[in-house]
Every structure is written in structure tokens, then in C-alpha cells.
Amino acid sequence: MQVIIKENYEEMSKEAAKIIKDEILHKPNLVLGLATGSTPIGTYKELIRMYEAGEVDFSKVVTFNLDEYVGLPSTHNQSYFYFMQEKLFKGININPENIHVPSGIVKDFNAYCQWYEDEIDKVGGVDVQVLGIGGDGHIGFNEPGTSLVSRTQVVTLTEETIEDNSRFFEKKEDVPRFAITMGVGTIMEAKHCLLVANGEKKADPVSVLIEGPITSQVTASVLQMHPKATVILDEAAASKLNRIDYYKWAYENQPEI
Ligand code: PGA
């Protein structure tokens with residue numbers, strides 16, 4: 001796992017966007033896994049800036065989002081489909097046919113979850129998966145206790161997640177209790193996992209993600225088993241790590257190989 005600690009949110013976002021840009025330059029038809037939430041907004045802003053500056057072309061990029069609330073139509077202003085349109089897609093030249101956000105409104109969720117997995121497989125799997133981390137340590141909406149080999153499925157949100165996300169809704173009761181999410185096992189198959197986290201509130205789950213035991217109680221900790229995981233933090237999110245100096249030194253003094 002590579003741990004990158006940046007001074008602040010802006011630097012964290014720029015670093016994440018640069019990694020994504022470099023991957024697209026290397027593979028123009030990159031399969032990019034995307035996350036919602038407040039954390040990646042700065043990364044998406046920076047990607048839009050790069051696109052506007054002519055530094056990156058999204059015309060062949062294919063995207064798969066991690067999750068969606070069950071029951072919210074894509075037109076709902078709190079749906080993750082809506083979020084992605086607003087925060088990224090409308091600012092770049094992505095082909096709408098290449099966008100995949102799981103639907104929260106389907107008749108047969110089991111069949112739909114399998115279909116979503118199949119669509120990912122059809123394009124050869126996710127190349128780079130952007131991730132945030134929940135206050136309860138989730139990746140995607142894989143809440144504490146989720147199997148670390150789970151596949152795309154419908155899940156029940158924890159009280160903590162509902163509380164965290166209620167800031168976007170008029171009242172807490174409006175937050176959906178269920179979501180469809182890529183599984184932990186699905187996420188682990190991405191060739192490169194890129195997790196961003198900022199702020200003091202993330203310091204505890206981040207410390208388990210990087211230095212704690214691997215546990216389904218903090219599903220992000222499974223990334224310790226991923227062959228290529230990059231975690232980009234601001235100082236506040238990194239503040240509870242035991243080996244901060246080592247991570248910083250290792251990042252600044254990488255061997256030329
Ligand atoms: P946040 O959410 O970026 O809004 O903190 C992260 C997550 O729940 O994965």
C-alpha cells in the first residue's frame with residue numbers, strides 16, 4: 001500500500017487527479033471506477049480543469065460507479081447518478097454510453113447486481129477504482145460486518161452512515177436505509193485502488209485501514225491485501241497513524257527502478 005500524505009484537501013485532490021490523468025494518458029479507454037461523497041469532489045474539479053486545459057481526454061473512458069441509494073430515481077437531487085452528472089460528467093467529454101451508475105430503481109435486484117458485475121467483466125474489469133472511506137470504515141457502501149469477498153448486492157446502511165449522509169437531505173428520515181453497492185470482492189478486483197480521505201473525522205478509520213488488523217468491521221482495511229492500493233490523505237486524516245514520518249520519507253525518496 002502506498003500512503004501519500006498531503007498538506008491539505010486541495011493538494012490531496014490534485015494528487016489523486018494527477019494519478020487518474022496519468023492512467024488515462026497511458027490507456028485512453030481506461031475503465032475508471034468512481035465514488036461519490038464530499039471527499040472526491042475536489043478531485044473531480046481538478047479533472048474538469050485538466051480537461052478544459054486540454055490535458056486529458058475522456059472520450060474513450062468507461063466509468064462504473066460504486067453505489068446508489070435504493071429507491072431514489074436518477075433524477076432525484078440526492079441520487080448518486082445526479083451527483084456524478086453535477087460534479088464530474090457535465091464538465092468533461094465523457095460519452096454518456098460509457099457511464100455506468102447502478103440503478104436504485106429496479107424490479108429484480110439480484111439479476112441487476114449480476115448484470116452490473118457482468119458489464120464490468122465485459123470491458124475487462126476496472127483499471128482504477130476511486131474510493132472514499134466512511135466514518136464507519138466502509139468502502140462503497142460495504143458496512144461493518146460485510147463479507148470481505150462480497151459481490152455487488154443490496155445492503156442495509158448503518159445508523160452512522162445515515163447520520164453522516166443526512167447533511168445532504170432535508171431531514172434524517174429522508175435518507176434511504178438501503179443501497180446497492182459493488183461488493184468488497186468486486187472492488188478488490190480493480191487493478192489499482194485509489195482511496196482519498198481528508199479531515200479529522202476520518203483519522204480513526206484511516207488508522208485501521210493502514211495500520212489496523214484486516215477486519216470486516218472496517219471494510220477498507222481489506223486494501224492491505226490489494227496488490228496496488230494508493231491512499232492519499234491530508235494531514236488531519238493521517239493524524240492518528242503511528243508511522244507518519246516513514247510514509248512521508250518513503251514517498252519523497254522512492255527508489256529509481
Ligand atoms: P464522504 O463519504 O466523502 O462524504 O466523507 C465517504 C464515504 O462514505 O465513502
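All chains use their own residue numbering, which begins from 1 and follows the written sequence. Two thresholds apply to this predicted model, a pLDDT of at least 70 for residue-level local features and 80 or more for giving and counting side-chain atom pairs, whereas whole-chain, interface and lining totals are computed over all residues. Note that the side-chain values use all heavy atoms of the structure and ignore hydrogens as well as water.

> Before we go on, may I ask you to explain the packing of helix H1 (residues 9-26) against helix H2 (residues 41-52) in this structure?
Packed helices, taken two at a time, are described by their axes: the angle between them and the distance between them. Here, axes are lines fitted to C-alpha atoms. For helices the fit covers the stretch in contact, and angles between N-to-C directions go from 0 to 180 degrees. Where helices and strands are cited, they refer to DSSP runs of H or I of at least four residues and of E of at least two residues respectively, numbered from the N terminus. Running from N to C, H1 and H2 cross one another at 55 degrees; their axes reach a closest spacing of 8 Å. The angle between H1 and H2 falls in the class oblique. The chirality of how H1 crosses H2 is right-handed. Of the residues in H2, those touching H1 at Tyr9, Ser13, Lys14, Ala16, Ala17, Lys18, Ile20 and Lys21 are Ile41, Gly42, Thr43, Glu46, Leu47 and Met50. For this scheme, ten residues count as nonpolar: Ala, Val, Leu, Ile, Met, Phe, Trp, Tyr, Cys and Pro. Four count as charged, namely Asp, Glu, Lys and Arg, and the remainder, Gly too, count as polar. Partitioning the contact of H1 with H2 into residue classes produces seven nonpolar, three polar and four charged. An angle below 35 degrees is read as roughly parallel, one above 145 as roughly antiparallel, one from 65 to 115 as roughly perpendicular, and any other as oblique. Each helix crossing is assigned a hand: it is left-handed if the near helix lies turned anticlockwise from the far helix by less than a right angle, otherwise right-handed if that turn is clockwise. Whether two residues touch is decided by their heavy atoms; if any such pair falls within 4.5 Å, the residues are in contact.

> It is not clear to me how the nonpolar core should be interpreted in this structure. Could you clarify?
Buried together is how nonpolar side chains tend to be arranged in soluble globular proteins. Within the largest apolar cluster, 69 residues are counted, with the highest numbers of intra-cluster contacts made by Tyr44, Leu88, Phe89, Leu195, Ile210 and Leu233. Among the elements that line this core, the one with the most residues is H1, at six residues. When residues no more than four places from it in sequence are discounted, the contact partners of Leu233 are Val3, Ile4, Ile5, Lys6, Met12, Ala197, Val206, Ile210, Ala238 and Leu241. Within this scheme, the nonpolar core is defined by two criteria: the residues are buried Ala, Val, Leu, Ile, Met, Phe, Trp, Tyr or Cys, and they are joined through side-chain atoms within 4.5 Å. Three exposure classes are used, based on accessible area relative to the maximum for each residue type with a 1.4 Å probe and protein chains only: buried under 20%, partly exposed in between, and exposed over 50%. Counting residues in hydrophobic clusters, the runner-up holds 10 residues, among them Tyr69, Tyr80, Phe141 and Leu157.

> Would you take a moment to explain the sheet that holds strand E3 (residues 62-65) for this structure?
Two modes of strand pairing occur in sheets, parallel and antiparallel, and in both the strands are linked by backbone hydrogen bonds. A pair of strands counts as paired when DSSP detects no fewer than two bridges linking them. As summarised here, the arrangement of the seven strands in space is E1-E10-E9-E6-E2-E3-E5, forming an open sheet in which the pairing is parallel. Two strands lie at the open edges of the sheet, namely strand E1 (2-6) and strand E5 (99-100), each paired on one side alone.

> Honestly, the sheet that holds strand E7 (residues 153-156) in this entry has me stumped. Any pointers?
A sheet is described by the order of its strands in space; here three strands give the open sequence E4-E8-E7, paired in antiparallel fashion. On the outer flanks of this sheet lie strand E4 (67-69) and E7, each paired with one strand and no other. Strand-to-strand, the axes of this sheet are offset by a mean angle of 30 degrees, without reference to chain direction. Relative to strand E8 (residues 178-181), E7 runs antiparallel, the two sharing four bridges. Looking at the pairing, Val154 lines up with Ile180 of E8.

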